[in-house]
Number of protein chains: 2
Amino acid sequence: VSLGDERQILARIAAMAPAPRNSGVVLGIGDDCAIYRPTFGEELVLTTDMVIEDVHFRRHMHPPEAVGYKALARGLSDIAAMGATPRFCLVSLAVAGWVDEAWIDGFYRGLCGLAEQTGTHLAGGDLSHGRQLVCDVVVAGSVVAGEALRRDGAQPGDILYISGTLGGAALGLHSQQGEAWQRHTHPVPRLALGRRLRELGVTACMDLSDGLSLDLQRLCLASKVAALLAEEVPVFPGASLEQALHGGDDYELLFTAPAERALPGRLEDVRLTRIGTIVAGDPGVVTHRGTLLEPLGYDHFRQQPSDS
Amino acid sequence: VSLGDERQILARIAAMAPAPRNSGVVLGIGDDCAIYRPTFGEELVLTTDMVIEDVHFRRHMHPPEAVGYKALARGLSDIAAMGATPRFCLVSLAVAGWVDEAWIDGFYRGLCGLAEQTGTHLAGGDLSHGRQLVCDVVVAGSVVAGEALRRDGAQPGDILYISGTLGGAALGLHSQQGEAWQRHTHPVPRLALGRRLRELGVTACMDLSDGLSLDLQRLCLASKVAALLAEEVPVFPGASLEQALHGGDDYELLFTAPAERALPGRLEDVRLTRIGTIVAGDPGVVTHRGTLLEPLGYDHFRQQPSDS
């Protein structure tokens, strides 16, 4: 690897890193730790997501900007699901032998662009090397104490909703073109929507990262309820119902609200669709049009039907 | 990999994970994010460190407990260097094909044991797979606002100190036996010492992870000063001066204090040794017994003299 030394790389990253005013970050890149000063009555929500070569991306298929963008977008989507506002991130990167300066610059350009857009301070990280490129991004967000949306609050009788459409990212990974490819490479974290849903008093919320069938099971297990998927699931144009039910990476929000609370059909420029009902029953059991919906979404530790 | 599914692994980890009372963690493993509630007047310090197979450990040389222990110890050492108290950690783990259930259990046993000892709540993480085992640990600590120790506060005239002895970890990696091997596999983060040094008003502090020669250069660069290493550096019994000056992984504290402030020779059961003086001069220049000390410590992006 001829990338200069660690100090030179760090200096280049620090020059690209956004440091928004009022992010709460008192000390950023360069010391043993970053320092964050919370405000009174604030809670921090924290999430971490790995991005691994040949698992989450392929170097000949995904440009470095897209890898960097999505590495941060996945964490921001978790922040959105809590109804929180992003504050800062920490980025650990292990580079492989094939990585050059241009790739690293592209990666951080993609990541920092999204950080800038969303007011996320790149406050620190770690650099190393390995046989495979591995990145781990921690994102911290801020929310009024006690008000974060969780996945364990769904109640029997609640209505089940999703934002946007599903299956677009799975279609895009397959077709590698058009709007679907864009959905796969540049998912938009639903930050504004998450905050609005928190204000509207939804009972449970999570983001769809591993596919509706698996993620809905997780929400039901956490809330100790079952679910009936009775209505039409909104499918991304051109995607199959299979892709919409089991495809991962859509990063839409899945949430529940009491039946008596009327939600608008659109919020923060995103369509909201009622897809079913929460019911009492064996925790985690999801019924789709009368039959059991198997949780076929993405699991790193189970042989995937689509594994090559 | 036959490890059960992600949910089963998570349940096993959650059962081992310490959740100390009063850690401030409101919501731990299982949701999109962990939730931390700061107290009034508190600042959070955050650090992240990767542990990579064949870079930081070898599977046939290092037992899984030692890998897990050290993965957390490295971050705790950064928390110690800020004079902070650990609160929680997030652990991302990408397992390789050779990893079995016993290895994962051993890894988390080592990590959770140290977490328990130090009052660190294992609050969340991510699981994935890769060709190489990669782990990334984020540790968050707490400190009174404005009082964290930084590496940019050293002033000309300050005395330079280190805790303990140096070179033990480098010797241990080479000899693979005795006390030195213990120092390499189970470094003790200097948490109590870091807090005491903060109370005593030291001007700058950092932990020695990549070797004195490189880390002292970093401290001097951050503080825009130079340093004279005039005194004897305390060498771990059996280690060479070379190992003490350039060997990594000792995780002792390097710090500076005004000359008029007398520090004890021992604090929190650790010996403190005066090794030199901070002087005005070209930032980052370190002189050892009249000659320039080259920063030969560990840098992931420079060919190492000892690289195989």
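This section reports on the structure supplied with the text. Because the structure is a prediction, the values reported are computed rather than measured.

The next subject is the sheet that holds strand β6 (residues 134–144) of chain A. The sheet built from six strands is open, its strands ordered β5(A)-β4(A)-β6(A)-β3(A)-β2(B)-β1(B) with mixed pairing. The sheet terminates laterally at β5 (121–129) of chain A together with β1 (25–27) of chain B, the two strands that pair on one side only. The sheet shows a mean angle of 25 degrees between the axes of neighbouring strands, direction not considered.

All names here are of chain B. Phi at Asp54 takes a positive value of approximately 70 degrees, unusual for a residue other than glycine. Phi at Tyr251 takes a positive value of approximately 55 degrees, unusual for a residue other than glycine. With respect to the helices, strands and loops of the structure, Tyr251 is situated in the loop between α8 (241–246) and β10 (253–257).

With that settled, the discussion passes to the packing of aromatic side chains. The geometry of an aromatic ring pair is captured by two quantities: the separation of the ring centres and the angle between the planes. In the structure shown here, the tally under the stated rule is 13 aromatic pairs over all chains. Summarising the aromatic geometry, the rings of B:Trp98 and B:Trp103 are spaced 5.4 Å apart at their centres and angled 90 degrees between planes, so their arrangement reads as edge-to-face. With a relative accessible area of 22%, B:Trp98 lands in the partly exposed category. Pairing B:Tyr161 with B:Phe255 gives two aromatic rings, centres 5.3 Å apart and planes at 10 degrees, and the pair type is stacked. Within this pair, whereas B:Tyr161 is found in strand β7 (residues 159–163), its partner B:Phe255 is found in strand β10, the two being separated by 94 residues in sequence. Chaining the aromatic ring pairs together yields one cluster made of A:Phe57, A:Trp98, A:Trp103, A:Phe107 and A:Tyr108.

Residues and elements named next belong to chain A. Tracing the chain through its elements places His121 in strand β5. Owing to a relative accessible area of 8%, His121 belongs among the buried residues under this scheme. Only 3.0 Å separates the side chain of His121 from the side chain of Ser23, close enough to count as a polar contact. Filtering out sequence-adjacent residues up to four positions away, His121 remains in contact with Pro18, Ala19, Pro20, Ser23, Val25, Arg87, Phe88 and Cys89.

Residue and element names in this part refer to chain B. For the pair helix α1 (residues 6–16) and helix α3 (residues 101–118), the least separation of the axes is 10 Å and the interaxial angle reads 30 degrees. When the axis of α1 is compared with that of α3, the two are roughly parallel. At the point where α1 passes α3, the crossing takes the right-handed sense. Here Arg12, Ile13 and Met16 of α1 come into contact with α3, specifically with Glu101, Asp105, Tyr108, Arg109 and Cys112. Looking at the contact of α1 with α3 residue by residue, the classes come out as four nonpolar, no polar and four charged.

Of the two same-sequence chains, chain B is brought onto chain A (RMSD 0.0 Å, axial shift 0.0 Å) by a rotation of 180 degrees. What we have between these two chains is a two-fold relation. Interface residue correspondence from chain B to chain A reaches 100%, placing this contact among same-surface, isologous pairings.

To continue, consider the pattern of salt bridges. Applying the stated rule across the entire model yields 41 salt bridges over all chains. In this structure, the salt-bridge partner of A:Glu43 is B:Arg37, at a minimum N-O distance of 2.3 Å. Of this pair, A:Glu43 sits in strand β3 (residues 42–52) while B:Arg37 sits in the loop between β2 (34–36) and β3 (42–52), placing the two residues on different chains. One network of salt bridges, with partners in common, ties together A:Arg12, A:Glu101 and A:Asp105.

A separate point is the environment of B:Pro258. All names here are of chain B. Residue placement: Pro258 occurs in the loop between β10 and β11 (266–267). In this structure Pro258 comes out as buried when scored by relative accessible area, which is 17%. With 101 residues separating them along the chain, Pro258 and Gly157 place their C-alpha atoms 6.8 Å apart. Other than its neighbours up to four places away in sequence, Pro258 contacts Asp158, Gly201 and Thr203.

Further remarks concern the interface of chain B and chain A. With 69 residues of chain B at the interface, the matching set in chain A holds 69 residues. Interface of chain B and chain A: buried area, both sides summed, is about 5,800 Å²; carbon and sulfur atoms make up 56% of it. Inspection of the chain B/chain A interface yields eight salt bridges. As a salt-bridge pair, A:Arg151 and B:Asp32 come within 3.1 Å of each other at their nearest N and O atoms. If you look at where chain B meets chain A, you find 24 residue pairs in polar contact (both at pLDDT 80 or more). The element best represented in the side of chain B that touches chain A is β3(B), accounting for ten residues. Looking at the side of chain B that touches chain A residue by residue, the class counts come to 35 nonpolar, 13 polar and 21 charged. Sheet topology note: the β3(A)/β2(B) ladder contains three bridges and is antiparallel. Each residue of the ladder has a partner; that of A:Leu46, found in β2(B), is B:Ala34.

Rules of the game
Each chain has its residues counted from 1, following the order in which its sequence is written. Each chain gets a letter, beginning with A, and each ligand a number, beginning with 1, in the order they are written. Local features in a predicted model are, by the rule used here, given only for residues with pLDDT of at least 70; side-chain atom pairs are given and counted only at 80 or more, and totals for whole chains, interfaces and linings are based on all residues. Heavy atoms throughout the structure, all of them, feed into the side-chain values; hydrogens and water do not. Two strands are counted as paired when DSSP detects at least two bridges linking them. Comment: elements are numbered from the N terminus, with helices defined as DSSP H or I runs of at least four residues and strands as E runs of at least two. Angles here are taken between N-to-C directions and fall from 0 to 180 degrees, while the axes themselves are lines fitted to C-alpha atoms, restricted in helices to the stretch in contact. For this analysis, a ring pair means two rings from Phe, Tyr or Trp (six-membered ring only for Trp) whose centres lie within 6.5 Å, classed as stacked if their planes differ by under 30 degrees, edge-to-face if by over 60, and tilted for the remaining angles. Relative accessibility decides the category of a residue: with a 1.4 Å probe and only protein chains considered, values under 20% of the type maximum give buried, values over 50% give exposed, and everything between is partly exposed. Distance and chemistry together define a polar contact, namely a pair of N or O atoms within 3.5 Å, with one atom able to donate a hydrogen and the other to accept it when in protein, and with adjacent residues in sequence counting only for side-chain atoms on both sides. Here, residues are in contact when the closest pair of their heavy atoms is within 4.5 Å. Should an angle fall under 35 degrees it is called roughly parallel, over 145 degrees roughly antiparallel, and 65 to 115 degrees roughly perpendicular, with every other angle called oblique. Whether a crossing is left-handed or right-handed is set by the direction in which the near helix is turned from the far one by less than a right angle, anticlockwise for left-handed and clockwise for right-handed. We call Asp, Glu, Lys and Arg charged. Ala, Val, Leu, Ile, Met, Phe, Trp, Tyr, Cys and Pro are nonpolar, and the rest, Gly among them, are polar. Superposition of the copies used a least-squares fit over C-alpha atoms from residues whose pLDDT is at least 70 in both. Salt bridge criterion: a side-chain nitrogen from Lys or Arg within 4 Å of a carboxyl oxygen from Asp or Glu. When two parts are brought into contact, each loses some accessible area as probed by a 1.4 Å sphere; the total of that loss over both is the buried area.

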